[in-house]
Amino acid sequence: MEKKSRKELQAEYKQLKTYMGVIKITNRTNGKIYITAYPNLKNRWVTIQSQLDMGMHMNRQLQKDWNELGSEAFEYEVLEEIDTEDISDVRWEAKQLEKKWLEQLQPYGDKGYHRPPRD
């Protein structure tokens, strides 16, 4: 089998489609949800699971429940996925998507792992 050059591999990688989007993690035990957006969704669930397994997730409440209940108690779902090819500021667009979903789902208090927005 012929080995590909580094340049060829990089060119192939750049051709891969990248998708940004919003994800939801649901605690099946208590129904609480965690919403967040990422500029690149590729392998995101694996990354989040690793952070939670190592006790390093930034959301303390989610981390606490993960530690107590285990990974089996949680479900991962992509709420919205957008091709990033024609988007110039992917991070800004991802934040706008996140705001939309936070407003729509209101994951605050007993419903979720977020603090209510400040007025």
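As a convention, each chain's residues are numbered from 1 in the sequence order in which they are written. Only residues with pLDDT of at least 70 get local features here, since the model is predicted, and only at 80 or more are side-chain atom pairs given and counted; chain-wide, interface and lining totals rely on the full set of residues. The basis for every side-chain value is the complete set of non-hydrogen atoms in the structure, without hydrogens or water.

1. Structural notes on the pairing of strand β2 (residues 33–38)
A large share of β2 lies buried, amounting to six of its six residues. What you see with β2 is no split at all: I33, I35 and A37 on one side and Y34, T36 and Y38 on the other are buried throughout. Of the strand pairs in this sheet, strand β1 (residues 19–27) and β2 are connected by six bridges, and their pairing is antiparallel. Its bridge partner lying in β2, I23 is registered against T36. For each residue, the accessible area found with a 1.4 Å probe, counting protein chains only, is set against the maximum for its type, and the residue is called buried under 20%, exposed over 50%, and partly exposed in between. Each helix corresponds to a stretch of at least 4 residues labelled H or I by DSSP, and each strand to a stretch of at least 2 residues labelled E; elements are numbered beginning at the N terminus. For two strands to be treated as a pair, DSSP must find no fewer than two bridges joining them.

2. Some details on the sheet that holds β1
The antiparallel open sheet is built from three strands, whose spatial order is β2-β1-β3. Each of the sheet's edge strands pairs with one partner strand only, and the pair in question is β2 and β3 (74–83). Sheet twist, expressed as the mean angle between neighbouring strand axes with direction ignored, is 15°. It only takes one pair of heavy atoms within 4.5 Å for two residues to be counted as in contact. Between N-to-C directions, angles span 0 to 180 degrees; the directions come from axes that are lines fitted to C-alpha atoms, helices contributing only their stretch in contact. Packing of helix α3 (residues 60–69) onto the sheet brings it into contact with β1, β2 and β3, and relative to β3 it is tilted by some 135°.

3. Details of the side chain of N59
Along the chain, N59 falls in the loop between α2 (44–53) and α3. Of the residues examined, N59 reaches a relative accessible area of 12% and is grouped as buried. Pairs of N or O atoms are called polar contacts if they sit within 3.5 Å, as long as, within protein, a hydrogen donor faces a hydrogen acceptor (for residues adjacent in sequence, only side-chain-to-side-chain pairs). Of note is the side chain of N59, whose polar atom sits 2.8 Å from the backbone oxygen of Y113. If we skip the residues at most four places from it in the chain, N59 touches Y34 and Y113.

4. Remarks on the nonpolar core
Ranked by internal contacts, the top residues of the largest apolar core, which has 13 residues, are I23, I25, I48, L62 and F74. Apart from the residues lying within four places of it in its own chain, the contact partners of F74 are I25, T26, N27, R28, L62, D65, W66, L69 and Y113. Core analysis: the next-biggest nonpolar cluster, separate from the first, contains twelve residues, M20, I35, W101 and L102 among them. Put simply, a nonpolar core is a bunch of buried Ala, Val, Leu, Ile, Met, Phe, Trp, Tyr and Cys residues held in one set by side-chain atoms that sit within 4.5 Å of each other.

5. Notes on the pairing of β1
Counting buried positions over the nine residues of β1 gives eight, a clear majority of the element. Alignment of β1 against β3, held across nine bridges, turns out to be antiparallel. Looking at the pairing, I23 lines up with V78 of β3. Between the end of β1 and the start of β2, which pair antiparallel, lie five residues, with G31 showing a positive phi angle near 80°.

6. Considering the confidence of the model for the chain
Each residue gets a pLDDT score, which is the predictor's confidence in that residue and runs from 0 to 100. Taken over all residues, the pLDDT of the chain has a mean of 90, while the share at 70 or more is 93%. Looking at the elements of the chain, mean pLDDT is at its lowest for helix α1 (residues 6–15), recorded as 71, and at its highest for α3, recorded as 98.

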